[in-house]
Amino acid sequence: MAEGSGSDGFQGARTGPAGVPAPGRGSSRGRAMTFQVWGWRREDAPQGLAWVPDAQGGRGAAMSRRTPATKDPTAVERANLLNMAKLSIKGLIESALSFGRTLDSDYPPLQQFFVVMEHCLKHGLKVRKSFLSYNKTIWGPLELVEKLYPEAEEIGASVRDLPGLKTPLGRARAWLRLALMQKKMADYLRCLIIQRDLLSEFYEYHALMMEEEGAVIVGLLVGLNVIDANLCVKGEDLDSQVGVIDFSMYLKNEEDIGNKERNVQIAAILDQKNYVEELNRQLNTVSSLHSRVDSLEKSNTKLIEELAIAKNNIIKLQEENHQLRSENKLILMKTQQHLEVTKVDVEAELQTYKHSRQGLDDMYNEARRQLRDESQLRQDVENELAVQVSMKHEIELAMKLLEKDIHEKQDTLIGLRQQLEEVKAINIEMYQKLQGSEDGLKEKNEIIARLEEKTNKITAAMRQLEQRLQQAEKAQMEAEDEDKKYLQECQSKSDSLQKQISQKEKQLLQLETDLKIEKEWRQTLQEDLQKEKDALSHLRNETQQIITLKKEFLNLQDENQQLKKIYHEQEQALQELGNKLSESKLKIEDIKEANKALQGLVWLKDKEATHCKLCEKEFSLSKRKHHCRNCGEIFCNACSDNELPLPSSPKPVRVCDSCHALLIQSCSSNLP
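Report on the accompanying structure. (Residues numbered from 1 in each chain as written. Predicted model: local features only at pLDDT ≥ 70, side-chain atom pairs only at ≥ 80, totals over all residues. Heavy atoms only, no water.)

**Considering the pairing of strand 12 (residues 649-655)**
Reasoning step 1: Where strand 11 (residues 642-646) lies against strand 12, five bridges are found, and the strand directions are antiparallel. By the bridge assignment, Leu-646 is partnered in strand 12 with Ser-649.
Reasoning step 2: Linking strand 11 to strand 12, which pair antiparallel, is a turn of two residues. (Pairing = 2+ DSSP bridges. Helix = DSSP H or I, 4+ residues; strand = E, 2+ residues; numbered from the N terminus.)

Take a look at the structure:
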């Protein structure tokens, strides 16, 4: 197999743009052979001539000189890919309809269709740069279909779950196969083509999917919905497949055009062969069917036994039904007799009712008035209950907020305590440093005092030397004056005095040597003084640093005092909060108790009560019924002659004796 440029070659011929044979090149079948490719005709043409479609669908060739300025190479690539897609789709549909069977993954036209679709999707694909390599794959745009078409999520999930796929190209190939099996490839790709702004991230502007050719291919893919495909994606090695277009399937020899009948006969023979193979498969399944028949016979016998048991059960149930019917007849007779007796009683009661109706009417009017009053009271109580429930919810919310504030303040307290401990540690370190710096200051002050003493001694010695120098200079001046006087006066006595002069010269020399020694000593003293001054300046710098440290220490002490003040204030605030919390908890407990009391109580109906709950006396026209507004029970006037304000009503309302005692006891316990 000879491959073209890159990986997009084809079998038996070199490729031009996008896997289509290059114009002017010969194939492996010979240069003189004429090929007909669905409306295209290419003869042995010289280089530089483009082969173009004729107007009558391929009969007769129109040769045109290619000019590089007139035709865009990307447009030629798109046209070639469109023609190849037309060929592959048309050939696939015709072959599938002629054979009349589902397509397997080994079917060559189907394999070529997937290769052509791969080339169409790869055309104009942008190169994605990564750290290690350049990535150019069609899996990126196909992943977009999940976002645009929700039904495609199943395909994407199943492709990602396939164990054998490692590369994005392999996933894209599996996706195409699953889309064909679902018969929704055209729908998925149509969603992609509509969203061109999203496709521009993956494709160049001149790509096939961005131009009209992509829409044409999507329209052609609708015809594939006629075909049933049965593809096994798990077993195939989709990662390492080479996407090569085999043009030998679409290029027809002139000799092969006359042999169509022979091809039809071969196809019929193949169909017969497939029919025989299916018969063999069916014969192989006969043995399995026999075993199934045996198992079904066994299960049938079991079912017959179960049927007999069920029939026996039905007979027993029928007997029980007869017994129940006879019992039912007896019960009916008894009920009829009872009904006759009750009818007589009802007639007697009716006569008594007619006599007592007038008194009952008055009672009814009074009861109606009482009912109205009680219904109004009940509405008031319900409204107050709703208010109490809302108050309860608000209190619970306030409690939650208070608990959150307490937790937050506890966290801040812990943080402040940690900061205090850190500040204490810093203070201790600063105090230790201060003590060290004070000791160093004392030592340096002692050194300064010693140096000052030394400088004082040196200055005293210098003064003495200067005095000596002045005395020597004065002596020298006096000596010179005396010499002059002696020279003037005693020129005659020069010989005698020369000895004295020589002696004095010797003395002068000694004095000069002494002066030189004193000058050198003075220079050394000045150098020592300079060194001492440098040491003094260094000590002054250190003292300044110590002063700054003292200031920082004082600032830290101030901050520490401020933090202590804040800490004390927050402790006081926390104590106040704790007091408030305890008070609010007590209030909430009281409210909860009141709510529990309200929830546990039920407003007793007038019909249900015939006797007073406390004294157990029967109610009559003279002894009327009264509801306790706290427990909801019914009492007589003597047992409920108390009034107290309740949480549900600020006004004092009727309360029974037991509730009155309990409420007074709870109020007295709550008082400080």
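**A word on the nonpolar core**
Reasoning step 1: Ranked by size, the top nonpolar core spans 63 residues in total, and within it Phe-113, Trp-175, Met-185, Leu-189 and Leu-221 carry the most contacts.
Reasoning step 2: Broken down by secondary-structure element, the contributors of at least two residues to this core are helix 1 (73-99), helix 2 (108-122), helix 3 (139-148), helix 4 (153-161), helix 5 (168-182), helix 6 (185-194) and helix 8 (212-221).
Reasoning step 3: Top element by residues in this core is helix 1. It accounts for nine residues.
Reasoning step 4: Setting aside chain neighbours within four positions, we find Met-185 in contact with Phe-113, Phe-114, Met-117, Leu-176, Ala-179, Leu-180 and Leu-221.
Reasoning step 5: Residues Cys-628, Cys-639, Val-655 and Cys-656 belong to the second largest nonpolar core, which totals 13 residues. (Core = buried A, V, L, I, M, F, W, Y, C linked by side-chain atoms within 4.5 Å. Buried < 20%, exposed > 50% of the residue type's maximum accessible area, 1.4 Å probe, protein only. Contact = heavy atoms within 4.5 Å.)

**Quick word on the packing of helix 4 against helix 5**
Reasoning step 1: The geometry of helix 4 relative to helix 5 is characterised by a closest axis approach of 10 Å and an angle of 135° between their N-to-C directions. On the basis of their axis angle, the class for helix 4 and helix 5 is oblique. Note on packing geometry: the crossing formed by helix 4 with helix 5 is right-handed. Counted together, Glu-154, Ile-155, Ser-158 and Val-159 of helix 4 and Arg-171, Ala-174, Trp-175, Leu-178, Ala-179 and Gln-182 of helix 5 form the full contact between these two elements.
Reasoning step 2: Along the lines of polarity and charge, the residues of the contact of helix 4 with helix 5 split into six nonpolar, two polar and two charged. (Axes fitted to C-alpha atoms, helices over the stretch in contact; angles between N-to-C directions. Parallel < 35°, antiparallel > 145°, perpendicular 65-115°, else oblique. Left-handed = near helix turned anticlockwise from the far one by under 90°. Nonpolar A, V, L, I, M, F, W, Y, C, P; charged D, E, K, R; others polar.)

**Section: the side chain of Asn-560**
Reasoning step 1: If you trace the backbone, Asn-560 turns up in helix 12 (residues 494-600).
Reasoning step 2: On the basis of relative accessible area, Asn-560 is assigned to the buried category, the value being 11%.

**Some thoughts on the pattern of salt bridges**
Reasoning step 1: Scanning the model with the defined rule gives eleven salt bridges in all.
Reasoning step 2: Of the charged contacts, one joins Glu-118 and Lys-122 as a salt bridge, the two residues approaching to 3.3 Å between their closest N and O atoms. Here Glu-118 pairs with Lys-122, and both are found in helix 2, just four residues apart, close to one helical turn.
Reasoning step 3: Residue Glu-118 is classed as buried on the basis of its relative accessible area of 5%.
Reasoning step 4: Overall, the relative accessible area of 23% leaves Lys-122 in the partly exposed class.
Reasoning step 5: Between Arg-160 and Glu-143 there is a salt bridge, and its shortest N-O distance comes to 3.5 Å. Remark: Glu-143 occurs in helix 3 and Arg-160 occurs in helix 4; sequence separation between them is 17 residues.
Reasoning step 6: On the basis of relative accessibility, which here comes to 42%, the residue Arg-160 falls in the partly exposed class.
Reasoning step 7: Taken together, the shared-partner salt bridges connect Glu-118, Lys-122 and Arg-173 into one network. (Salt bridge = Lys/Arg side-chain N within 4 Å of Asp/Glu carboxyl O.)

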